Structures are given as C-alpha cells and as structure tokens.
Amino acid sequence: MDNADQGSGTPGESAPLPLTEPAEGTPDVIADSGELRAACARLAEGSGALAVDTERASGYRYWPKAYLVQIRREGAGTFLIDPIPLRDQLAPLAEVMNSVEWVLHAASQDLPCLAELGLRPPSLFDTELAGRLAGYQRVALGTLVESLLGYRLEKGHSAADWSRRPLPVEWLNYAALDVELLVPLRAKLEAELAASGKLDWAYQEFEAVRTAEPPGPRAEPWRRTSGIHKIRTARGLAAVRALWEERDELARRRDRAPGRILPDSAIVNAVLADPRTPAELQKLPVFGGRVQRRHTDRWLRQLQHARTLPDADLPNTAVSNDGPPPPNRWADKDPDAAARLAAAKTALADLAERHRLPVENLLLPDLVRRTCWRPPSDTSAESVATVLAAGGARPWQVALTAEALSAALRAGA
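Residues numbered from 1 in each chain as written. Predicted model: local features only at pLDDT ≥ 70, side-chain atom pairs only at ≥ 80, totals over all residues. Heavy atoms only, no water.

## Brief notes about the nonpolar core
Note the cut-off: Buried residues of nine kinds, namely Ala, Val, Leu, Ile, Met, Phe, Trp, Tyr and Cys, make up a nonpolar core once their side-chain atoms join them within 4.5 Å. Burial status follows relative accessibility: with a 1.4 Å probe on protein chains alone, a residue under 20% of its type maximum counts as buried, one over 50% as exposed, and anything between as partly exposed. A contact between two residues is defined here by any heavy atoms of the two lying within 4.5 Å.
Ranked by internal contacts, the top residues of the largest apolar core, which has 81 residues, are Leu 93, Trp 102 and Leu 388. Residues within four places of Trp 102 in sequence aside, it is in contact with Leu 50, Val 52, Met 97, Leu 111, Leu 114, Leu 119, Arg 120, Pro 121, Ser 123, Leu 124 and Phe 125. Residues Trp 222, Val 240, Trp 299 and Leu 300 belong to the second largest nonpolar core, which totals 28 residues.

Here's what the structure looks like:
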C-alpha cells in the first residue's frame, strides 16, 4: 500500500493495524560507493521532503556516531546507508540531502551525528516537537503514528548495538519502518498546528533546533557518576575523579561505552571500600571478573594516586554553579525571589493549559528560574521581553509570556 492509503484511516475508529514491514519490502544496506551514487540519483528524482533517521550504538560505543542512516522520499523509496565504510564518500548524498527539507522525530538526537558526516538540513520538521506543541502528552513515534495514522509500528531494537556487522534483517526492517510514515505523520501534525494557530510557533522551534550550537564540554563531567552522593569527603571525590578519568581514557581508546569498561556502581564501591591490595579489590563486585582482573593494577594505581594527592589539588565537596540555588532553598535565602518564582509558575502553568502546551515548551524552566532569581531592575513587559530574548526564548514564547512574567516579577513575599 502507498503512504496515502496508510494515512487515510480515521484514528480511533478501529484497532490499529500492525505495520510489520515497509510497503516496498526491507531494502538492502548500501555500503558501496557505486550503490550510493545510484541511490542519490533516485533520491534526487523523488519529490517532497526527506524522512530521515539514524541508528547509533549508545551504551555500546564511546563515540555517538551514526552506524546506519535511513532516508525515505516520495517517488524514490527507502534507503538504508551504512556510513562507516562510506565515511569519506558521502559527497553525492550531501548534495541531495543538504538542499531538501528533512522530516525527523526528535531531531536534536540525530542532527549532531549527521553533521559529522557533512549532512545538514536547510530546514526541518520535527514530528516529536510538533506533537508536543499540538498538545499530545505522549509523543513517542509509535504513539503518534498509532493516534494519528491508525498504524502500530513494530518496535524493540532502539537500544541494540548498531555497530554490529552484519546487521540482522529484523533490525533493518525496524530501521526502515522508522521513516516509513514520517512524511504522512508530518502532514497530519502540520494541519493540526495550522488549525490551532501554532504552525509559526512550530517552525520557530524547528529552526532553533536546526541552528543550535553543539553543547560545549561539560565542566567536571566525573561529578555525574551515578551514586556519587554517597561520597562525602574531598579525598573520596578525588578517588572517584581518578577512576572516572582512567576509565574514560580507556573507553575513548577502545571506542567502548564507559559503563562497559567499568560501571559507575563499581567506581563508587571501590572508593567506599578503599582497597589497598589486589585481593581486596577483587573481592568487590565486578572487580573479580576475568576481564576486570586484567585491570586490577590500573584501578589500584588511581586509588593510590588519590590518597597521596596534595590537599590543594582535591576537588571541592560543593559543586560550583553559576546559576541560582535549588528552588527549595529560595524561601530561606530570598523570600521575595521565592514569591516571584511561585507567581511565575502559576502564571505560566495557566498559559500552558490555555494553549494546550507543555509548560517546559512554553519557556525553559532554567530561564524562568534565572529571571526570577535576578530580575531586571525594570520589570515592565518590554524589559522582560528583552531579557527573555537574550536568554534564547523564541519570538512566539516572548510574545506569549512577557506580560505574565512581568506581573509575576512584581510579586513579593
């Protein structure tokens, strides 16, 4: 069946129809430059936007690169491309893709690894973000396809190791289905957004996602070790840092997910137990395994390094933060700021409900907190609008919230 037929049913009238394979069958993976050029020629002859998705190997590999790129276009069909052997031969694909609008689901997850391949959209439509703005509470791809198109996608391989070769046929089938209905889904959502007066808002959001700068390196990333709250001393934190950095270097060299080198829980357990000998370390969970025993000296060396570190080189027990304190402390630190935040939350929740929007899409919570903690001296709507725009709020968000936030900033304890 073609995509027009697939999207023609009225949602909710009958049980969703399982979609178990693509309409034209599961395509073979393209891993040859000649096959890629032929695919690009077919894509160039197609019409409309490109449905685009990627598969990565999160949880298996260190680097978040794409191990499969899925593309579908009306009149051309679906293509599955292995970018690993073709990494330096993707110019023909870039020529096609970089001049046509893309349709993606949760675009911010896919754009960075596609940009590494030289693939960048001139414009995009994000069906997940569109679903949020349209007022849907559940915006997973399968959920939206079922609600709006009446089909149930077969899921189950999103967390697979996509660096594996060859890829199993059932995985390829799953990957192809992820782009099978993106364009019909986009048409439904676009119509809903237009009918509710939100389409311009959506395109402002899509452009913000498309042009977003990649995040800079995180300060002290080792502090995100799961379970680190159990470590109370500066020297204990130094040991976490030493083990984390050694693990990260090993993971980077081997291109393996850090948790597969050594789980966070093992790092915390080792710091709490403070083993001094190989036998003591190997008694701990994980460290006694066959693979881990090969690294015993490596981990003990880092623990010893943390023990002998000069006090001046120990990390702070408190995390440095340039933002406001946690909101639960505001009432004690600054009652007026707490009153401003409470008033702002109430006003924004009311606006969000009125416009059928998630409140976090109406205005970023961090921007709200920062504005309430240190408001501008002039709390007029015009001044607040300037602050919000400087903080990254889109024009539609500023127009919708500046007046309400201005009134909230004049609240007092």
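Here the narrative resumes, following the displayed structure.
## Looking at the layout of surface pockets
Inclusion rule: Whether a set of points on the 1 Å grid over the protein atoms alone is a cavity depends on a 1.4 Å probe fitting there but being unable to get out, while an open set qualifies as a pocket with protein on both sides within 12 Å along at least five of seven lines; lining residues are those with an atom within 4 Å of a point. Grid points are joined across faces, edges and corners, and a volume is the space filled by probe spheres set on the points. Secondary structure counts use DSSP, requiring at least four H or I residues in a row for a helix and at least two E residues in a row for a strand, with both numbered from the N terminus.
Approximately 1700 Å³ is the volume found for the largest pocket. Forming the boundary of the largest pocket are 38 residues, of which Pro 64, Pro 112, Pro 214, Pro 215 and Gly 216 lie nearest the centre. Broken down by secondary-structure element, the contributors of at least two residues to the lining of the largest pocket are α4 (107–115), α9 (199–211), α10 (234–254) and α11 (258–261). Looking at which element gives the most residues to the lining of the largest pocket, the answer is α4, with six residues.

## Details of helix α21 (residues 395–408)
Definition in use: In this analysis, the expected span of each helix is defined as 1.5 Å times one less than the number of residues it contains. The angle between axes fitted to the seven residues ending at a residue and the seven residues starting there is what we call the bend at that residue.
Here α21 is 14 residues long and its end C-alpha atoms lie 20 Å apart, about the 20 Å a rise of 1.5 Å per residue gives. The axis of α21 is deflected most strongly, by about 45 degrees, at Thr 401. Within the span of α21, buried status applies to Trp 396, Gln 397, Val 398, Leu 400, Thr 401, Ala 402, Leu 405, Ser 406 and Ala 408. Contacts from the buried residues of α21 go to α5 (127–134), α9, α17 (335–354), α18 (359–362), α19 (365–373) and α20 (381–390).

## Some words on unusual backbone geometry
With omega at -5 degrees, the peptide bond leading from Arg 165 into Pro 166 counts as cis. Structurally, Pro 166 is set in the loop between β8 (151–153) and α7 (169–180). Phi at Ala 106 is positive, roughly 60 degrees, even though this residue is not glycine. Note on placement: Ala 106 falls in the loop between β6 (102–104) and α4. With a phi close to 50 degrees, Asp 274 is a non-glycine residue in the positive phi region. For Asp 274, the position within the fold is in the loop between α12 (264–273) and α13 (278–282). Judged by its relative accessible area of 29%, Asp 274 is partly exposed.

## Side note on the packing of aromatic side chains
As a reminder, the rule being used: Only rings of Phe, Tyr and Trp enter the pairing, Trp through its six-membered ring, and a pair is recorded when the two centres are within 6.5 Å. The plane angle decides the type: under 30 degrees is stacked, over 60 is edge-to-face, the rest tilted. Two conditions define a charge sitting above a ring: the NZ of Lys or the CZ of Arg must be within 6 Å of the ring centre, and it must be within 35 degrees of the ring normal.
Enumeration according to the criterion identifies eight aromatic pairs in this entry. Measuring from ring centre to ring centre gives 4.7 Å for Phe 125 and Phe 206, while their planes differ by 55 degrees; the resulting arrangement is tilted. Residue Phe 125 is found in strand β7 (residues 124–126), and its partner Phe 206 is found in helix α9; the two are separated by 81 residues along the sequence. Judged on exposure class, the residue Phe 125 and its partner Phe 206 are both buried. Taking the centre distance of 4.9 Å and the plane angle of 50 degrees together, the rings of Trp 330 and Trp 373 count as tilted. In this pair, Trp 330 sits in helix α16 (residues 330–333) while Trp 373 sits in helix α19, placing the two residues 43 residues apart along the sequence. Comparing Trp 330 with Trp 373, the two get one shared label, buried. Stacked on the ring of Trp 171, the Lys or Arg Arg 164 has its end atom at 5.1 Å from the ring centre.

## A word on the sheet that holds strand β3 (residues 47–55)
Applicable threshold: DSSP calls a pair of strands paired once it identifies at least 2 bridges connecting them. To get an axis, a line is fitted to the C-alpha atoms, and for a helix only the part in contact is used. The angle between two axes follows their N-to-C directions and goes from 0 to 180 degrees.
Spatially, the six strands line up as an open sheet ordered β2-β5-β4-β3-β6-β7, and their pairing is mixed. Edge strands, defined here as strands with exactly one partner in the open sheet, are β2 (29–30) and β7. Packing of α5 onto the sheet brings it into contact with β6 and β7, and relative to β7 it is tilted by some 55 degrees. Where helix α8 (residues 182–195) meets the sheet, it contacts β3, β6 and β7, and its direction lies at approximately 110 degrees from that of β3.

## Some words on the side chain of Asp 255
To keep things clear, this is the line we draw: Neither His nor the chain ends contribute to the count of charged residues, in which Lys and Arg are positive and Asp and Glu negative. A pairing counts as a salt bridge when a side-chain nitrogen of Lys or Arg comes within 4 Å of a carboxyl oxygen of Asp or Glu.
Topologically, Asp 255 is positioned in the loop between α10 and α11. Put simply, Asp 255 is tucked away with no salt bridge, and the nearest opposite charge, on Arg 61, sits 4.1 Å away. Discounting residues that sit within four places of it in the chain, Asp 255 has contacts with Tyr 60, Arg 61, Tyr 62, Trp 63, Lys 65 and Tyr 67.

## Overview of the pairing of β3
Within β3, seven of the nine residues are buried, which leaves it mostly tucked inside the rest of the structure. As defined by bridge partners, β3 adjoins strand β4 (residues 68–74) across six bridges and the pair is classed as antiparallel. Considered in β4, the bridge of Glu 55 is made with Leu 68. Of the strand pairs in this sheet, β3 and β6 are connected by two bridges, and their pairing is parallel. Residue pairing in the sheet places Ala 51 in a bridge with Val 103 of β6.

## Concerning the pairing of strand β5 (residues 77–81)
Among the five residues in β5, five count as buried, and that is most of the element. Of the strand pairs in this sheet, β2 and β5 are connected by two bridges, and their pairing is parallel. Among the inter-strand pairings, Val 29 is bridged to a residue of β5, identified as Leu 80. The sheet contact formed by β4 and β5 spans five bridges and is antiparallel. The residue bridging Ile 71 from the neighbouring strand is Phe 79, located in β5. In this structure, the hairpin formed by β4 and β5 is closed by a connection of two residues, where Gly 75 is found at a positive phi of approximately 85 degrees.

Honestly, it's all geometry; don't read function into it.
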